[in-house]
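These are the residues of each chain, in order.
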Amino acid sequence: EVVGESDSTISPLTEDDGFMVPHRAGQAGEKGRGIFATEFIAKGTPVLNFRQVATFEDGASIRRFLSKIPRLLACDYLYWAYTEWDEQAQRHFQSVDLDDSALCNDGRNKEDQNLGCDPEGSLSHGDVGCNKYSYATKDIQPGDELMCLYSAFSSGVEGANTLGLGWSADSYDD
């Protein structure tokens, strides 16, 4: 068993996605697919929760998981996974979004980003706030693409190498 029910970061299991606002997936120009608002979303509104994010704490668990799933799904995992830094535990871990949030494109800068940590909005969720939710960081109009800021959470190649995954800058696209 790779991840038992007691250790799963996705509990309870469900097919619901983590979005808390009306949205749709669609073409986002050269970026490929993206997520778009279908209604107005006010700044500070919780937009998605992270309950559909699978998280692995070490490289051995990742490799064991990948060896147990079909090859095409393993390739999808490797393409969509991102490594993060846990400030409290002082270590890297790797996550992959298992719902529509995987289609959130990178805003590349804070001016284009409209999803992330909103300190005022996060007050409604107490201590877990930005650790468990992503908020509208500005007003979002119907039809606007929902844009994350990858550099706000992804530690890239350094984190993957720390987990012993052996990735290089040449094979990893930040």
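Only a predicted model underlies this, so the values are computations on that prediction, with no experimental measurement involved.

> Tell me about the sheet that holds strand β3 (residues 46–49), and name the residues and values.
Backbone-to-backbone hydrogen bonds pair the strands of a sheet. The strands run either parallel or antiparallel. With respect to topology, three strands assemble into an open sheet ordered β3-β9-β8, the strand pairing being antiparallel. Looking at the sheet topology across the chains shown, the edges are occupied by β3 and β8 (115–116). Relative to strand β9 (residues 133–136), β3 runs antiparallel, the two sharing three bridges. Bridge pairing links Asn49 to Tyr133 in β9.

> Lay out the packing of aromatic side chains in plain terms, naming residues and giving numbers.
In this description, an aromatic ring pair is defined by two values, namely the gap between the centres and the angle between the planes. Tallied over the entire structure, the rule returns seven aromatic pairs. Counting every residue linked through ring pairs, the aromatic cluster contains Phe56, Phe65 and Tyr77.

> Lay out the state of the cysteines with the relevant residues and their values.
Taken as a whole, this structure holds two disulfides when the rule is applied. For Cys104, the disulfide goes to Cys148, at an S-S distance of 2.1 Å. The disulfide joining Cys104 to Cys148 has a torsion of about 120° about its S-S bond and is therefore right-handed. One end of the pair, Cys104, is in the loop between β6 (91–97) and β7 (105–106); the other, Cys148, is in strand β10 (residues 147–148), with 44 residues separating them in the sequence. For Cys104, a relative accessible area of 4% corresponds to the buried category. For Cys148, a relative accessible area of 13% puts it in the buried group. Sulfur-sulfur distance for the disulfide between Cys117 and Cys130 comes to 2.0 Å. Taking the sign of the S-S torsion, 80° for the link of Cys117 and Cys130, the bridge is right-handed. Placement of the pair is Cys117 in the loop between β8 and α3 (119–122) and Cys130 in helix α4 (residues 129–132), with a sequence separation of 13 residues. By relative accessible area, which is 25% here, Cys130 ends up partly exposed. What links to what in the protein chain: the bonded cysteines, counted in sequence order, pair as 1-4, 2-3.

> Explain the sheet that holds strand β5 (residues 82–86) to me, and be specific about the residues and the numbers.
Strand order in the open sheet formed by three strands is β4-β6-β5, with antiparallel pairing between adjacent strands. Among the strands making up the open sheet, the edge pair consists of β4 (53–56) and β5. In this sheet, neighbouring strand axes are inclined to one another by 35° on average, regardless of whether the strands run parallel or antiparallel.

> Help me get a handle on the packing of helix α1 (residues 59–68) against helix α2 (residues 71–80), residues and values and all.
Relative to each other, α1 and α2 sit at 145°, their axes nearing to 8 Å. Each of Ile62, Phe65 and Leu66 in α1 lies in contact with α2, whose residues at this interface are Ala74, Tyr77 and Leu78. Along the lines of polarity and charge, the residues of the contact of α1 with α2 split into six nonpolar, no polar and no charged.

So, how was this worked out
Residues numbered from 1 in each chain as written. Predicted model: local features only at pLDDT ≥ 70, side-chain atom pairs only at ≥ 80, totals over all residues. Heavy atoms only, no water. Pairing = 2+ DSSP bridges. Helix = DSSP H or I, 4+ residues; strand = E, 2+ residues; numbered from the N terminus. Phe/Tyr/Trp six-rings, centres within 6.5 Å; stacked < 30°, edge-to-face > 60°. Disulfide = S-S within 2.5 Å. Buried < 20%, exposed > 50% of the residue type's maximum accessible area, 1.4 Å probe, protein only. Axes fitted to C-alpha atoms, helices over the stretch in contact; angles between N-to-C directions. Contact = heavy atoms within 4.5 Å. Nonpolar A, V, L, I, M, F, W, Y, C, P; charged D, E, K, R; others polar.

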